[in-house]
Amino acid sequence: MSSVRLLNKTTATSVSEISITDIFTDDFDTYKIVINGAEASTSGAWSHMRLINDYGSVITDTDYQVMLHQLPAYGNATETRRNNYNQAEFIFYTNNTTSGNGVVIYVYLPTNSNAYTFIDSESVGQVGTSGPIATKTVAMLEQKAKMTGIKFIRTSGSFDSLDIEVFGIRVD
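This section reports on the structure supplied with the text. (Residues numbered from 1 in each chain as written. Predicted model: local features only at pLDDT ≥ 70, side-chain atom pairs only at ≥ 80, totals over all residues. Heavy atoms only, no water.)

## Some thoughts on the environment of Gly 131
To keep it simple, the criterion reads: In this description a helix means any DSSP run of H or I spanning at least four residues, a strand means any run of E spanning at least two, and both kinds are numbered starting from the N terminus. Note on definitions: a residue-residue contact is assigned when non-hydrogen atoms from the two residues lie within 4.5 Å.
On the secondary structure map, Gly 131 appears in strand E10 (residues 131-141). The contact partners of Gly 131, leaving out residues within four places of it in the chain, are Tyr 74, Gly 125 and Gln 126.

## A short note on empty space enclosed by the protein
Cut-off, in case you're wondering: Put simply, the grid is 1 Å and covers the protein atoms alone, a cavity is a trapped set of points that fit a 1.4 Å probe, a pocket is an open set with protein on both sides within 12 Å along at least five of seven lines, and lining residues have an atom within 4 Å of a point. Grid points are joined across faces, edges and corners, and a volume is the space filled by probe spheres set on the points. The classification used treats Ala, Val, Leu, Ile, Met, Phe, Trp, Tyr, Cys and Pro as nonpolar, Asp, Glu, Lys and Arg as charged, and all other residues, Gly among them, as polar.
A full pass over the atoms with the stated rule returns 2 cavities of 30 Å³ or more. There is about 30 Å³ of room inside the second largest cavity. Around the second largest cavity, the lining residues are Tyr 93, Asn 101, Ser 123, Val 124, Gly 125, Ile 133 and Thr 135. Contributing elements (two or more residues each) for the lining of the second largest cavity: strand E9 (117-127) and E10. The element best represented in the lining of the second largest cavity is E9, accounting for 3 residues. In terms of residue class, the lining of the second largest cavity is built from 3 nonpolar, 4 polar and no charged.

## Describing the environment of Phe 159
Summarising the element assignment, Phe 159 is placed in the loop between strand E11 (147-154) and strand E12 (161-171). For the pair formed by Phe 159 and Asn 84, sequence separation is 75 residues and the distance between their alpha carbons is 27 Å. Sequence-distant contacts of Phe 159, that is, excluding residues within four places in its chain, are made with Thr 13, Ser 14, Val 15, Ser 16, Glu 39, Ala 40, Ser 47, Phe 92, Thr 94 and Arg 154.

## A few points about the pairing of E10
As a reminder of what qualifies: By this definition, two strands are paired if DSSP reports at least two bridges between them.
Direction of pairing for strand E5 (residues 64-72) relative to E10: antiparallel, over a ladder of 9 bridges. When the bridges of E10 are listed, Leu 68 appears paired with Thr 137. Relative to E10, E9 runs antiparallel, the two being bridged by 11 bridges. By the bridge assignment, Gln 126 is partnered in E10 with Pro 132. In textbook terms, the turn of a hairpin is the stretch between consecutive antiparallel strands, and for E9 and E10 this stretch comprises 3 residues, one of which, Gly 128, has a positive phi near 50°.

## With respect to the pattern of salt bridges
Definition in use: Salt bridges are defined by distance alone: a side-chain nitrogen of Lys or Arg within 4 Å of a carboxyl oxygen of Asp or Glu. Exposure classes here rest on a 1.4 Å probe applied to the protein chains alone. A residue is buried below 20% of its type maximum, exposed above 50%, and partly exposed in between.
Applying the stated rule across the entire model yields 7 salt bridges. The partner of Lys 151 in a salt bridge is Glu 17, with the nearest N and O atoms 3.0 Å apart. One end of the pair, Lys 151, is in strand E11; the other, Glu 17, is in strand E2 (residues 17-20), and 134 residues separate them in sequence. For Glu 17, a relative accessible area of 39% translates into the label partly exposed. Between Glu 89 and Arg 82 there is a salt bridge, with the nearest N and O atoms lying 2.6 Å from each other. The class for Arg 82 is partly exposed, based on a relative accessible area of 28%. Within this structure, Asp 120, Glu 122 and Lys 136 form a network of salt bridges that share partners.

Below you can see the structure in the form of structure tokens.
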């Protein structure tokens, strides 16, 4: 039997980055993060993600291993890999269209200090007038430490609006 519980709902406006702390607990091993309607009034930019440890420190060490697969409607699929990077890159893309954006992120084992934390995200969005793009990002933080939060960073400009929901998923 499994259950899904809404743990946090955060809405942000006019920010280039946002931290959500104390959302990962020992109650769950798997978390689902849903971002709806991410909008920006400035030109397009990627948003990246970092984890926050139980001391409240954002992890900027070069311990993230990242793989991105892009599926644009306007060109060829691409794959990008980053070893020993300082963030989980390419989580989602926003620009100055009114098309919105959808993102689902799963975070595995963030509070288990005997295991690495894994991130698995999928997003869809619009790249200006070029067309839609779908992305799949898989990342791992190679630190065996307790993580309790997340931080999203837009590479340029700011979000006009950003709605984030965090769910805990329990499998009994």
